[in-house]
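A look at the structure
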Amino acid sequence: MNLRQTLDDLTRNGFSVCIVEEVQGPTQARCRKSRFISGHAHPGSPYVYGLVGIDHDLEFPEPMPVFGISRSARGYSMILVLETMKTYMLEDGLTEEALVTKLRTCQYHHLFLHTSLRQNSSGTFRWGEYGKGGLLWGECNSRTFEWIEGDPVPELLFKVKELYGLDDEVKFRNVTVSSENRPQPLHLGTATQIGAIPTEGIPCLLKVLLPSNCTGLPALYVRDLLLNPPAYEIAITIQATCKLMNEINCSIPDFTCISSAKLVKLLELREANHIEFCRIKNVLDEVLHMYRNFELREILKLLMDPTWVATGLKVDFQTLVSECEWASSKIGGMISLDGESDQKISSCSFVPAEFFEDMESSWKGRIKMIHVEEAFAEVEGAAGALSKAIEEDFVPITSRIKFITAPLGGPRGEITYSREHEAVWFKGKRFAPTVWAGTPGEDQIKQLKPAIDSRGRKVGEEWFTTLKVEQALARYHEAGDKAKARVLELLRGLSAELQIKTNVLVFASMLLVIAKALFAHVSEGRRRKWVFPTLAGFCKSKDVEVSDGSNRLKIVGLSPYWFDVAQGSAVHNTVDMQSLFLLTGPNGGGKSSLLRSICAAALLGICGLMVPAESALIPHFDSIMLHMKSYDSPADGKSSFQVEMSEIRSIITRATSRSLVLVDEICRGTETAKGTCIAGSIVETLDRIGCLGIISTHLHGIFGLPLNTKNTVHKAMGTTYVDGQTKPTWKLIDGICHESLAFETAKKEGIPETIIQRAEDLYVQHKKEAFCGMYGLKGNNLSAQVVKGSDKAHPQLSHIGADTLHHEIESTNQMEAWQQDVKNAVITIFQKKLMELRKLKDPLEVPELHCVSVAAREQPPPSAIGASVVYVMFSPDSRIYVGETDNLEGRIRAHRSKEGMQNASFIYFVVPGKSMACQLETLLINQLPNRGFRLSNVADGKHRNFGSSTLHAGNMVVF
């Protein structure tokens, strides 16, 4: 058992092992031992030799496939070859993310990469450097792999035969299931973010689909079902099966689960023992039980198609029943089943019971007596002869010792079983008399000789036997070996007979695995009060108005899948989606939970399973893609924003009008202004594609962009005002939520109160500017407006009075004239400088300068985002401020946040580069005072050499 455990551990960790055994039999001392290769164990085919003779069931490591990856016009291709089953499966048209998901969830023995992956401009191995493939390259680069070329499937099968030493004549069966009319496999990000692949910190979807005691093969089936959603017809069949399971009133079988690979391996090598045959018969009998029960028969019929998809075997219903009956009868006629006892272990009052138990339990009670009567009779005769020899040669000695034993220091002796040598010997000390007086037992003592082991060596000073006992013992072992050989011969013969029915046995065993998984899921779903969704196809024509619910996702009473609804701990939401949602909400408001919940419910629905809701209408999505937060990837040299853009690129390229796309907090890994614009463009793209989905964001500036969308709807996570505080309701509502609850969240996580207070003060100043800019209010009007509306988010604003916000404003005409004078002066200074640098004489030759004005309650256009600008701010005290920035919107917001500057206006010029902007800023600060203008930042003019380069007319263009 220790040896087998060692082999299993080695193969589980990817090693191939050659097993070398020593030739059994007597050998001379100092002679070279003879050895032979008895077997080959590897991850694709665990070690099974000798299993037929053991008397207990052993854990069987699932064999690992050989994994091959290639690339075609349709996308990436994956080839899985399972040597144990002699099968291969080809999946084509995979995305890079789906392929990486399979690599991470499938333990494989060898990895082969096809040279089609190298196709790029340079032919380099690092294909990821030249476009798509970076994620796959990073995954494969950390693993051991080999290159193959030519036709991928035949070449990989050749490599497998070479790897495992198989003959060229060995055939591999194609178990590929068509990818037509079925959803795409889950992307890695989607699978991890809903716990289909267990991930730390993420609620595990697998743990809530089945009861805690349902593990092993049924749990693996459910996991594979989620990662590779079935064709729509199969999903409908699975749901119909689950509904019938939910309605039956009869008892159900135990559903014996056997690994198909283990079953095939044991039958192929004829190593199935009687325990395995009993389990196989249980599988067959449980299938027949379902067939003979009226309620269960319909479930059995429905399970045929999902089993065909899982095994690649097409078996007719009546064929399954008849073959199960035949195989069950064959096993029942040969094997001694549980509860049957027509064979007894030999016994003798003089021989330790452990001896016969050890010698005979390894083959008795396995085959029915009718098949082994002659061999068993010979063993019984040999056991009787051994008992008689021991009685005649050992019993008189033990009787004598008992008769003459002194209280202390007397002779000792007993009949003992030596388990190590599989012998019954006499063990004694000081039992030989000092004077031979012809007393009883002395003749038997004279016949004793030292016991020897199988190598002819003396065992010890206290172990003895006689010639008669040795002969009887040899006869018994010979009879026992013959009986055991006969039993093993019959077991191997039964394996050979059933081997022709391997496909049916594999089909039946997988059918019960699926049945157990679905029954367990229905039981857990009922306990959690989940429901069966209505599944609907997509309407192909966009011109036809849809009335049957297709092209629509509607979930009433949706609950997060990780909450136990039966305990009443979940907040329910209703999601009625016919287009794209642009979702806002505060921190902790439930945006991420809502996206995870929708993703899980939609995935469970298209797999035919129950969903955590009160009712649901789920269309046949062709893909479900969820993107949550991204982390940087130092190994690939990518920032978190790069990783996010890579995943978004994959989503956009694969999304169709039948897809469900869920993106949480889009573009949060980069600068706000540009991130907002990228997010807006992505929303436009998804809106144009026409997919269903949700884009959640904290980038509220997206609502000010001129987005070209037709079907995007604004949704928000609700908040409520309770006891002076804003709290989330975790309810999905219509509209836009500008509240973030950032202060409350920071405070809850232990940020010092001083930091929170300073942040609130800065926020109050910002809100003043926002209200003035939006409504043009001043004095009491703003205070009234604050009290009516926005103070619910920040009560501090309600205390801002008219005196705090009051400032003097020049008349409109005077202000406009003054601003025009400043503008003309700035243009004149710039033109003069350009003429000096370019050595121009005619002012008409100077390029036209484009000046943009930003009046009160206005913001700069998107074209200013990220550009280097020189700007001038007009203060109410008739002073101007000259500055430069790459973030004009932020700088204007900062200026207006100051006391009395809420309605400040600006002009600005876009220039090429920050260095030039700094130099031009210094130029204006130094020259505008000479023209009679008062500056509030004259001191900045001392930075005459500010910047890293000189100002050249040849490369300076002012727009």
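See the structure printed just above.
Heads up: these notes are all about the structure in this document. Here the structure is a predicted model, which means the values were calculated and not measured.

Before going further, it helps to spend a moment on the overall build of the protein. Counting secondary structure elements, the protein contains 29 helices and 26 strands. Within the protein, the proportion of its 959 residues that are buried is 50%. The contacts of the protein with a sequence gap of at least 6 include a subset with a gap of at least 24, amounting to 71%. Accessible surface, the protein: about 45,900 Å² in total, of which carbon and sulfur atoms supply 50%.

Scanning the entire structure with this criterion turns up 18 aromatic pairs. Ring centres of Y291 and F317 lie 5.9 Å apart, and the angle between their planes is 55°; on these two criteria the pair is classed as tilted. Here Y291 is found in helix α10 (residues 274–292), whereas its partner F317 is found in helix α13 (residues 317–334), with 26 residues between them in sequence. Taking the relative accessible area as the measure of exposure, F317 reaches 14% and is therefore buried. Site record: aromatic cluster; members linked through ring pairs are F355, F356, Y417 and Y476. A cation over a ring is seen here: K314 above W308, with NZ or CZ 4.0 Å from the ring centre. Positioned above the aromatic ring of F581 is the side chain of K715, whose terminal nitrogen or guanidinium carbon lies 5.2 Å from the ring centre.

Take the sheet that holds strand β9 (residues 412–418) next. The 4 strands are arranged β9-β10-β12-β11 in an open sheet whose pairing can be described as antiparallel. Two strands in the sheet have a free side with no partner beyond their single neighbour: β9 and β11 (449–450). Direction of pairing for strand β10 (residues 423–429) relative to strand β12 (residues 463–465): antiparallel, over a ladder of 2 bridges. Of the residues in β12, the one forming a bridge with F426 is F464. Packed on one face of the sheet, helix α16 (residues 395–404) meets β9 and β10 and runs near 140° to β9.

Before going further, it helps to examine the pairing of strand β20 (residues 692–696). For β20, the buried fraction is high: 5 of the 5 residues fall into the buried class. Alternating positions in β20 separate into two faces, L692, I694 and S696 on one and G693 and I695 on the other, with burial throughout. Relative to β20, strand β16 (residues 580–584) runs parallel, the two sharing 4 bridges. What sits directly across from L580, in β20, is G693. Relative to β20, strand β19 (residues 659–663) runs parallel, the two being bridged by 4 bridges. Considered in β20, the bridge of V661 is made with G693.

Here helix α19 (residues 502–528) spans 39 Å end to end across 27 residues, near enough to the 39 Å set by a 1.5 Å rise per residue. At the exit of α19 stands K529, carrying a positive phi of roughly 65°.

Following both chains from N to C, one finds α13 and α19 inclined at 105°, their axes separated by 10 Å at the closest point. In terms of their interaxial angle, α13 and α19 are classed as roughly perpendicular. Across the interface between the two elements, L320, E323, C324 and A327 of α13 pack against V504, L505, F507, A508 and L511 of α19. Looking at the contact of α13 with α19 residue by residue, the classes come out as 8 nonpolar, no polar and 1 charged.

With that settled, consider the environment of R527. Mapping R527 onto the fold places it in helix α19. The exposure class of R527 is partly exposed, given its relative accessible area of 40%. Taking the C-alpha atoms as reference, R527 lies 9.7 Å from P211; in sequence the two are 316 residues apart.

The subject of this paragraph is the pattern of salt bridges. Evaluation of the coordinates by the stated rule reveals 31 salt bridges. Across the pair E497 and K330 runs a salt bridge, and its minimum N-O distance is 3.1 Å. You can see E497 sitting in helix α18 (residues 467–499) and its partner K330 sitting in helix α13, a full 167 residues away along the chain. Judged by relative accessible area, K330 falls into the partly exposed class, the value being 29%. Salt-bridge contacts for K364 lead to E380; the nearest nitrogen and oxygen are separated by 3.0 Å. With K364 in the loop between α14 (353–360) and α15 (373–393) and E380 in helix α15, this residue pair connects regions lying 16 residues apart in the sequence. For K364, a relative accessible area of 9% puts it in the buried group. The exposure class of E380 is partly exposed, given its relative accessible area of 39%. Taken together, the shared-partner salt bridges connect E524, R527, R528 and D564 into one network.

Strand order in this open sheet of 4 strands is β13-β17-β14-β15, and the pairing throughout is mixed. The open sheet has two edge strands, β13 (534–536) and β15 (573–577), and neither has a second partner. Taken over all neighbouring pairs, the strand axes of this sheet differ in orientation by 15° on average, direction set aside. Looking at chain direction, β13 and strand β17 (residues 615–619) are connected through 3 bridges and run parallel. Among the inter-strand pairings, A536 is bridged to a residue of β17, identified as P619. Against the sheet, helix α20 (residues 591–606) touches β13, β14 (553–558), β15 and β17, its axis set at about 115° to β14.

One non-glycine residue, F255, adopts positive backbone phi at about 60°. Checked against the element boundaries, F255 lands in the loop between α8 (232–247) and α9 (260–268). We classify F255 as buried; its relative accessible area is 3%. Residue E422 is not a glycine yet carries a positive backbone phi of 50°. You can see E422 is positioned in the loop between β9 and β10.

In terms of nonpolar packing, the biggest core is built from 179 residues, with I69, L226, F277, L320, F355, F621 and L660 touching the most fellow members. Looking at this core element by element, the count peaks at 16 residues for α19.

What follows covers the environment of P185. Relative to the helices and strands, P185 is located in the loop between β8 (173–174) and α5 (188–193). Sequence spacing of P185 and L94 is 91 residues, and the spatial spacing of their C-alpha atoms is 7.7 Å. Among all residues touching P185, those that are not within four sequence positions of it are E91, L94, A98, K102, L227, N228 and P229.

Cut-offs and rules
Residues numbered from 1 in each chain as written. Predicted model: local features only at pLDDT ≥ 70, side-chain atom pairs only at ≥ 80, totals over all residues. Heavy atoms only, no water. Helix = DSSP H or I, 4+ residues; strand = E, 2+ residues; numbered from the N terminus. Buried < 20%, exposed > 50% of the residue type's maximum accessible area, 1.4 Å probe, protein only. Contact = heavy atoms within 4.5 Å. Areas by Shrake-Rupley, 256 points an atom, 1.4 Å probe, with all protein chains shown as cover. Phe/Tyr/Trp six-rings, centres within 6.5 Å; stacked < 30°, edge-to-face > 60°. Lys NZ or Arg CZ within 6 Å of the ring centre and 35° of its normal. Pairing = 2+ DSSP bridges. Axes fitted to C-alpha atoms, helices over the stretch in contact; angles between N-to-C directions. Expected span 1.5 Å × (residues − 1). Parallel < 35°, antiparallel > 145°, perpendicular 65-115°, else oblique. Nonpolar A, V, L, I, M, F, W, Y, C, P; charged D, E, K, R; others polar. Salt bridge = Lys/Arg side-chain N within 4 Å of Asp/Glu carboxyl O. Core = buried A, V, L, I, M, F, W, Y, C linked by side-chain atoms within 4.5 Å.

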